[in-house]
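# Descriptive analysis of the structure
So the chains spell out like this:
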Amino acid sequence: MSPNARLIGVPGGALRLVTPALVIDLPALRANLAEMNRRCAGAGMALRPHGKTHKCTALAREQVAAGAVGVCATTGREAIVYAEARIPGVLVTTPIVQRAHIEALASLHHEGADITLVFDTIENVDVWESVLGRTARPLRALVDLDIGMGRTGAASPADAVAIARRLERSEELGYAGLQAYSGRVQHILDYRERRSTYGGQLDRLQETLAALAAADLAPAVVSGGGTGTFAIDAERKIYTESQAGSYCVMDVDYDAVELFPGEPNPYRFALYLRSSVVSANQPGYVSINAGFKSVSTDGPLPRVREGQWPGATYRFFGDEFGMMDGAAGCEVGDIVDLQTSHCDPTVNLHDFLHVVDGDTLLDIWPIDARGTL
Ligand SMILES: Cc1ncc(COP(=O)(O)O)c(C=O)c1O
């Protein structure tokens, strides 16, 4: 239970939160969900947003209510939590190879959860079959293909065809298509440079799709892509669905990426770390209760919310503290909202999303798939 629960619905409650607290600006979130849905529909792609961004069942439900066909999961825990909550269309985008996860997800499948897996080796298909046993409802499975990131995935078209053929022969698993995701390219700032680098990777994907078609294994589903490659994915029309994740809340890192050529980024900041000034005894800066333990450190510096303390900048100052420079007149107890550097690892540091509309705290959503397991 969040210590802020007592403030739900209380006038001005969102301004009195115990901090540091992650805040979701609900109108901005809903605008982002609608915008991405509209863009997917325009591109003829389904949307299966990545639930690693927010790790939150309640937010996943918002995405599905707004038109998504399901959500993706990366870790075993994300997959289990979303499947337990009966979120529809849970695509686990990492090959699941640990016994405890395999057993838990196999049970959830037998209990009726809607799960799709990815495979990048035939050996793992063997393991899953032995755990699943005979089932009237084969578990949907995609071939995971590496198109250039080198993280997971079949390393060649021939390997992808072999895994697809093996899945097609399976009685416990049902061959449903292909996944191919490339991470680093998502964050290339310049659109043309990103399009050129990623374009070569999509050529590799097309080569594999041709090999699958030649083997009579043309995939029904081709899943992949992220917020950074969305415009290119929409243009190339290879994917049947997008796995974009960060678009829903945005962060400082993605804000610098030119998502659509010649257009301002259409997604709004919907995630903030609400922090408070704890000391104002030094000239030129104040100390706030937001440090390494509450905002991720792997991206650019967090930014003070636009318009809140004009001209002020944030810098880290240890585990629990940060400094805000240039905020004239700022006093102990004042609120400082930070745009987070990188949304995914920031969310993973917290237990709750505080859902606000202006000064009102509407709800508190547990970050129930939080953690690394
Ligand atoms: C497999 C996969 N798909 C989709 C995404 C979503 O990417 P983004 O947050 O850049 O939209 C990620 C993010 O890391 C991912 O690992």
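Given the structure is predicted, the values throughout are model-derived calculations rather than measurements.

From N to C terminus, the protein includes 10 helices and 17 strands. In summary, the protein has a C-alpha radius of gyration of 22 Å against a globular reference of 21 Å for 373 residues, a match within 12%. Summarising its shape, the C-alpha atoms of the protein cover approximately 70 × 45 × 35 Å along the three principal directions. Split into buried and exposed, the 373 residues of the protein put 48% on the buried side. In the protein, 69% of the contacts between residues at least 6 apart in sequence involve partners at least 24 apart.

Here we take up the site of the ligand. Around the ligand, the surrounding shell holds 16 residues, and the nearest of these are Gly 226, Thr 227, Gln 243, Gly 245 and Ser 246. Tallied by class, residues from the shell around the ligand come to three nonpolar, 12 polar and one charged.

Here we take up the environment of Glu 331. Checked against the element boundaries, Glu 331 lands in the loop between β14 (322-325) and β15 (335-339). On the basis of neighbour counts, which here come to 9 C-beta atoms within 10 Å, the residue Glu 331 falls in the exposed class. Between the C-alpha atom of Glu 331 and that of Ser 287, which follows or precedes it by 44 residues, the distance is 9.9 Å. Setting aside anything within four residues of it in sequence, one finds Glu 331 in contact with Val 277 and Ala 280.

What follows is about the nonpolar core. Residues Tyr 82, Val 90, Ile 115 and Val 143 are the most contacted members of the largest nonpolar core, which totals 108 residues. Of the residues that make up this core, three or more belong to each of domain 1 (5-23 + 266-366) and domain 2 (26-250). Aside from chain neighbours lying at most four places away, what touches Ile 115 is Ala 79, Ala 83, Val 90, Val 92, Leu 105, Leu 108, His 109 and Leu 139.

A separate point is helix α3 (residues 76-84). For α3, the buried fraction is high: seven of the nine residues fall into the buried class. Buried residues along α3 sit against α2 (57-65), β3 (71-73), β4 (90-92), α4 (99-110) and β5 (115-119). Phi turns positive, to about 60°, at Arg 86, one or two residues after α3.

In spatial order, the strands read β2-β9-β8-β7-β6-β5-β4-β3; together these eight strands make up an open sheet with parallel pairing. Either end of the sheet is taken by a strand with one partner, and the two such strands are β2 (46-47) and β3. Across two bridges, the pairing between β4 and β5 is parallel. Within β5, the residue paired with Leu 91 across the bridge is Thr 116.

Our focus in this paragraph is the pairing of strand β10 (residues 271-279). Successive side chains on a regular strand alternate, one facing one side of the sheet and the next facing the other. When strand β1 (residues 21-25) meets β10, the two strands line up antiparallel, connected through four bridges. Along β10, the bridge assignment pairs Ala 21 with Arg 274. The pairing of β10 with β15 spans five bridges and is classified as antiparallel. In the strand pairing of β15, Arg 274 is matched with Asp 337. Connecting β10 to the antiparallel partner strand β11 (residues 285-288) that follows it, the hairpin turn spans five residues, and Gly 284 within it adopts a positive phi of roughly 90°.

Relative to each other, helix α6 (residues 157-169) and helix α7 (residues 191-214) sit at 45°, their axes nearing to 9 Å. Comparing the axis directions of α6 and α7 gives the class oblique. For the pair α6 and α7, the sense of crossing is right-handed. Residues Pro 157, Ala 160, Val 161 and Ala 164 of α6 form the contact with α7, whose participating residues are Glu 207, Thr 208, Ala 211 and Leu 212. Across the contact of α6 with α7, the residue classes break down as six nonpolar, one polar and one charged.

Its 24 residues give α7 an end-to-end C-alpha distance of 33 Å, which sits within 8% of 34 Å, the value for a rise of 1.5 Å per residue. When the local axis directions of α7 are compared, the greatest deviation, roughly 25°, occurs at Gly 199. On the buried face of α7, the contacting elements are β6 (139-145), α6, β7 (173-180) and α8 (230-236). Remark: Asp 216 follows α7 within two positions and exhibits a positive phi of approximately 65°.

Cut-offs applied
Residues numbered from 1 in each chain as written. Predicted model: local features only at pLDDT ≥ 70, side-chain atom pairs only at ≥ 80, totals over all residues. Helix = DSSP H or I, 4+ residues; strand = E, 2+ residues; numbered from the N terminus. Rg over C-alpha atoms; globule rule 2.2 N^0.38 Å. Buried ≥ 20, exposed ≤ 12 C-beta atoms within 10 Å, placed from the backbone. Contact = placed C-beta atoms within 7 Å. Near = placed C-beta within 6 Å. Nonpolar A, V, L, I, M, F, W, Y, C, P; charged D, E, K, R; others polar. Core = buried A, V, L, I, M, F, W, Y, C linked by C-beta atoms within 7 Å. Domains from an automatic or database assignment. Pairing = 2+ DSSP bridges. Axes fitted to C-alpha atoms, helices over the stretch in contact; angles between N-to-C directions. Parallel < 35°, antiparallel > 145°, perpendicular 65-115°, else oblique. Left-handed = near helix turned anticlockwise from the far one by under 90°. Expected span 1.5 Å × (residues − 1). Bend = angle between axes of the 7 residues up to and from the residue.

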